[in-house]
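Take a look at the letters that make up each chain.
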Amino acid sequence: MKLKFLTVPLAVLIVVQTAAAQQRNFVACPIVRDTRTVPCFLAEYEGETYFLAVQQDISADQYPPQLLHDVLVEGTIVQGPRVCGGIPLKPIKLSVLPEVNPACNTILPAEPGIEAPPTRRPAGPSTRQAPAAAPPAAPQRPAPPFVERDWKILYDFDSAFLFSRDTRIVSQAAEYAVAAKAKRIEVVASRGATLLSSGKVLVESEAVASQRAERVVTLLKGLGADPASVNIRVVSAPPQPDGKTDPDNRVVSIRVSP
Amino acid sequence: MTGHPFFTPLGSNGRACVTCHQPAYGMSFSAEAARDLWKRTRGKDPLFAAVDGANCPNLPQEQEKSHSLLLERGLIRVFLPVPKNAEFTINVVSDPTGCNTSPIYGLNSPTPTVSVYRRPRMAANLKYVTNPAPRIVLKLGALADVDPANGRPVGMNFMADAREATLMTQARNATIGHEEAQSVTDDQLRKIVEFENQVYVAQISDRSAGSLAEPGAPQALGPAAMASHRPGVLGDNDYDSVFLSFESWKKGGDSAQEQFRASVARGAELFMFRQFWLRDVTHINSIGLGNPLKRTCATCHNHQMTGQDLSAGFVDLGTTNYPRWTEPPLYSDARDLPVFKITCKPEAQPHPYLGRVIYTSDPGRALISGRCADVGSIVMQQFRGLSARAPYFSNGSAKNLRELVDYYDRRFDMKLSEAEKQDLINFLGVL
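What you see is a predicted model, and the numbers here were worked out from it, not measured in a lab.

*Asks:* In this structure, what is going on with the overall build of chain A? I would like to understand it.
*Replies:* For chain A, the count of helices and strands is three helices and 13 strands. Residues counted as buried form 35% of the 258 residues belonging to chain A. The contacts in chain A between residues at least 6 apart in sequence include a share of 74% that link residues at least 24 apart.

Now the structure itself:
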């Protein structure tokens, strides 16, 4: 029994340590690497180069960082070939930190052998073909039966900005609330903290959770949600960071109850 | 047109809408036209009205130098309060016109006011300019302004700072402000807007290119094309471009006209396809596209037929903000525009590329939104009838198309050759 008791925690410990060994949470200047197609965005940490993102457009899942700003990288190393000269991280969460840092200003020229991963859009105008002449199908409106539903918006560190990908989520929630004649819409906004690989902890500003709530609620109401049904809760204390799930705490959740 | 409210003075200073929106100048006016008018009328034309046709109303109105910004740059004074919700404080650093430090008209007057100086925009092709927007503005992650008459979202794409929701509200406030009218009736406003909505402007002939609307000419050229085309088409693609196809002019030939037309076609291609690092532009690089972005002119100037942005068009290209502004250095005696110091409050999101202290000659959209991130953001203008209405940029800083192209070349390090610059100038000049 004793051996078994010891074995299980050790296995867990090994898994946790392996996960931690693969996790990279750091703040650095992004580095732009030009290629013969679109540019890649990289960052260096402890002597190693990591691949962060590639230029796409706002329909992409992952938005690139920005020169003149530090980027907070929270990602897990994945095995496989380097991408654009950097070690790939997946999943990865990138946050453009709000303050300007003029030191973040490096663009490397294209080099033979360094290729960007394939993207849907090239560097110039879009080459995606025009839609067929037939009119697009009408968007599907939410239909009954209406049940309680949840949506989540995850944020960049210290940001309340709603990117295109985020406003799509709020729009879905608002549309559902209107269709369901929601009796209650609960908006819970939180701020987070991040445990960096260095052991240092970054904590989001106190005001950011309420800013997130305010923006989401304004949007919900503007899109037709009944103002009387909206309840707001702001969680001002950030949870203890674990260096792994920290991006999940920079969140606004929307619960729509018919 | 006598009696029509677009052409008839409705206020006390003798101006009508047509004073600043003149058919001969692409429904705007040029600095050259203003100088000519000054000479012909000895400064008595209502265009030079003290309220905003002078650098400041308290200057001696009979003197040419009191109207220097109108005469040299084609600028009208726009005076606005600092928004109550401003995320910043604003101080005057330099005040060549004296208006911003005036105890009557300035920031410390009983009604604190910021005076900035802007070009009048063309009152034409408005079905494109007022094309309705989606409910949510991509650049703001927030709701679009709405038409107060019906609650529908508006495009936020006219006026340099998008402060007016509709042509009706613009006409009302312009009549009361620029024409100094006590009131204006709904019927007069309706007539003004009805008229404006029928006006289409584009270059129709060119000294070097000849007729721009003849059979076989590129299909986007000429005012009839503006009238018949549909608005709201995104042209940032290689199959249905911003200004359609210039293929028919591409092959060139031996004559000077054919060679010029081939240059225009090359300019159109540069506009669509010449890649460069588009960087540090608020509301372009900052909305998830990344900074820098390897793209082309058509990324921002994407609305088919006009070259405006199909989304709400305010961006900080840099024309009004130090250090990328179009102006002489801060210490220069040659400065003729005011300079303001904007200091963002600690809780505000800073300007994405200039931080928390910004020197600007025009805060642009920030004077309406109150947001620090909007300092210097100006709604981009349509590209039509350009040859008729120099100078360019909202602050009239580019005296001609060469200076405009040179600014972009410097700003984005485009490395355009002399021949490429000329191609772009020729292209822009026939639109």
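*Asks:* Sorry, what's going on with the nonpolar core here?
*Replies:* Buried together is how nonpolar side chains tend to be arranged in soluble globular proteins. Of all hydrophobic cores here, the largest spans 151 residues; its most connected members are Leu42(A), Leu52(A), Val73(A), Val137(B), Val264(B), Ala268(B) and Val379(B). When residues of this core are assigned to their parent elements, the largest contribution, six residues, is made by helix α9 (residues 256–273) of chain B. Excluding its chain neighbours within four sequence positions, the residues that come into contact with Val137(B) are Ala142(B), Ala144(B), Met156(B), Ser311(B) and Ala312(B).

*Asks:* I'm lost on helix α13 (residues 418–429) of chain B in this one. Help?
*Replies:* Note: α-helices contain 3.6 residues per turn, so residues at a spacing of three or four share the same orientation. Residues and elements named next belong to chain B. Given a rise of 1.5 Å per residue, 12 residues ought to cover 16 Å, and the 16 Å separating the end C-alpha atoms of α13 matches this to within 8%. All of the buried residues along α13 are Asp-423, Leu-424, Asn-426, Phe-427 and Leu-428. Looking at the buried side of α13, the elements it contacts are α9 and α12 (401–411).

*Asks:* Explain the domain arrangement of chain A to me, please; I cannot follow it from the model alone.
*Replies:* Quoted interface sizes are often the accessible area lost when the parts come together. All names here are of chain A. Looking at the assigned domains, one finds that chain A contains domain 1 (22–108) and domain 2 (149–257). Every contact between the two is made by 13 residues of domain 1 and, on the other side, 14 residues of domain 2. Of all the secondary structure elements, the ones that give two or more residues to the side of domain 1 that touches domain 2 are β1 (23–28), β5 (69–77) and β6 (87–100). The greatest single-element share of the side of domain 1 that touches domain 2, amounting to five residues, is contributed by β6. Each residue belonging to the side of domain 1 that touches domain 2 can be placed in one class, and the counts come to seven nonpolar, three polar and three charged.

*Asks:* Got a minute to help me understand the sheet that holds strand β3 (residues 40–45) of chain A in this structure?
*Replies:* By definition, the strands of a sheet pair up through backbone hydrogen bonds, in either a parallel or an antiparallel sense. All names here are of chain A. Sheet architecture is open: seven strands sit in the order β1-β5-β6-β4-β3-β2-β7, paired in mixed fashion. Two strands close off the open sheet at either side, each with one partner strand: β1 and β7 (106–108). When the angles between neighbouring strand axes are averaged without regard to direction, this sheet yields 35°. In the sheet, strand β2 (residues 31–33) pairs with β7 via three bridges, with the strands oriented parallel. Residue pairing across strands places Val-32 opposite Ile-107, the latter belonging to β7.

*Asks:* In this structure, what is going on with the interface of chain B and chain A? I would like to understand it.
*Replies:* At the junction of the two partners, chain B supplies 34 residues and chain A supplies 35 residues. For the side of chain B that touches chain A, the elements supplying multiple residues, two or more each, are β5 (142–143), α9 and β9 (293–295) of chain B. The greatest single-element share of the side of chain B that touches chain A, amounting to three residues, is contributed by β9(B). Split by residue class, the side of chain B that touches chain A holds 15 nonpolar, 10 polar and nine charged.

*Asks:* Where do I start with unusual backbone geometry in this structure?
*Replies:* Glycine aside, the phi torsion of most residues is negative, and most peptide linkages are trans. In this structure, Pro91(A) follows Lys90(A) across a cis peptide bond, with omega equal to -5°. Mapped onto the fold, Pro91(A) is located in strand β6. Cis geometry is adopted by the peptide bond preceding Pro323(B), which originates at Tyr322(B) and carries an omega value of 10°. Positive phi, close to 55°, is recorded for Met156(B), a residue that is not glycine. You can see Met156(B) is positioned in the loop between β5 and α5 (167–177). Backbone geometry at Glu180(B) places phi at a positive 55°, although glycine is not the residue there. With respect to the helices, strands and loops of the structure, Glu180(B) is situated in the loop between α5 and α6 (186–196).

*Asks:* What exactly am I supposed to notice about the sheet that holds strand β8 (residues 149–154) of chain A here?
*Replies:* All names here are of chain A. One open sheet accounts for four strands, arranged β8-β13-β9-β12; its pairing is mixed. Two strands lie at the open edges of the sheet, namely β8 and β12 (230–235), each paired on one side alone. Each neighbouring strand pair of the sheet contributes to a mean axis angle of 15°, computed without reference to strand direction. Relative to β12, strand β9 (residues 184–190) runs parallel, the two being bridged by six bridges. When the sheet's bridge partners are listed, Val-188 is paired in β12 with Arg-233. Lying on the sheet, helix α2 (residues 164–179) is in contact with β8, β9 and β13 (251–257); it crosses β8 at an angle near 160°.

*Asks:* Is there a simple way to explain the environment of Val405(B) in this structure?
*Replies:* Residue and element names in this part refer to chain B. Along the chain, Val-405 turns up in helix α12. Exposure remark for Val-405: the 24 C-beta atoms within 10 Å place this residue in the buried category. Spatially, the C-alpha atom of Val-405 lies 20 Å from that of Glu-72, the residues being 333 residues apart in sequence. Among all residues touching Val-405, those that are not within four sequence positions of it are Lys-421, Leu-424 and Ile-425.

*Asks:* Can you help me understand the environment of His178(B) in this one?
*Replies:* Residues and elements named next belong to chain B. When you line up the elements, His-178 lands in the loop between α5 and α6. His-178 gets classed as buried once you count the C-beta atoms within 10 Å, which come to 24. Through-space distance from the C-alpha of His-178 to that of Cys-17 is 8.7 Å; in sequence the pair is 161 residues apart. Excluding its chain neighbours within four sequence positions, the residues that come into contact with His-178 are Arg-15, Cys-20 and Asp-52.

*Asks:* Help me understand the packing of α5(B) against α6(B), please; the structure alone is not making it clear to me.
*Replies:* All names here are of chain B. Remark: α5 packs on α6, axes separated minimally by 9 Å, with the N-to-C direction vectors making an angle of 120°. Considered as vectors, α5 and α6 are oriented oblique to each other. Crossing of α5 against α6: the hand is right-handed. The segment α5 lies against α6, with Leu-167, Met-168, Ala-171 and Arg-172 engaging Leu-189, Ile-192, Val-193 and Glu-196.

*Asks:* I keep staring at α9(B) and nothing clicks. Help me out?
*Replies:* Residues and elements named next belong to chain B. Spanning 18 residues, α9 covers 25 Å between terminal C-alpha atoms, matching the ideal 26 Å at 1.5 Å per step. Buried residues of α9: Phe-260, Arg-261, Ser-263, Val-264, Ala-265, Arg-266, Gly-267, Ala-268, Phe-271 and Met-272, and no others. Check the buried side of α9 and you find it contacts α8 (247–250), α10 (297–300) and α13.

About the criteria used
Sequence order as written defines the numbering, with residues in each chain counted from 1. Whichever chain is written first becomes A and whichever ligand is written first becomes 1, with later ones labelled in order. Only residues with pLDDT of at least 70 are given local features in this predicted model, and only at 80 or more are side-chain atom pairs given and counted; all residues enter the totals for whole chains, interfaces and linings. A run of H or I in DSSP counts as a helix once it spans at least four residues, and a run of E counts as a strand once it spans at least two, with each numbered from the N terminus. Each residue is classified by how many other C-beta atoms fall within 10 Å of its C-beta atom, where C-beta atoms are placed from the backbone; a count of 20 or more means buried, 12 or fewer means exposed, and values in between mean partly exposed. Contact between two residues is assigned whenever their backbone-derived C-beta positions fall within 7 Å. The term nonpolar core refers to a group of buried residues, namely Ala, Val, Leu, Ile, Met, Phe, Trp, Tyr and Cys, whose C-beta atoms join them within 7 Å. Helix span is expected to be 1.5 Å times the residue number reduced by one. Where each domain begins and ends follows an automated or database-derived domain assignment. Asp, Glu, Lys and Arg are counted as charged, while Ala, Val, Leu, Ile, Met, Phe, Trp, Tyr, Cys and Pro are counted as nonpolar; the rest, among them Gly, fall into the polar class. By the convention used here, strands pair only if DSSP detects at least 2 bridges between them. Orientation is described by axes fitted as lines to C-alpha atoms, over the contacting stretch for helices, and by angles from 0 to 180 degrees between their N-to-C directions. Roughly parallel here means an angle under 35 degrees, roughly antiparallel means over 145, roughly perpendicular means 65 to 115, and every remaining angle is called oblique. By definition, turning the near helix anticlockwise from the far helix through less than a right angle yields a left-handed crossing, and turning it clockwise yields a right-handed one.

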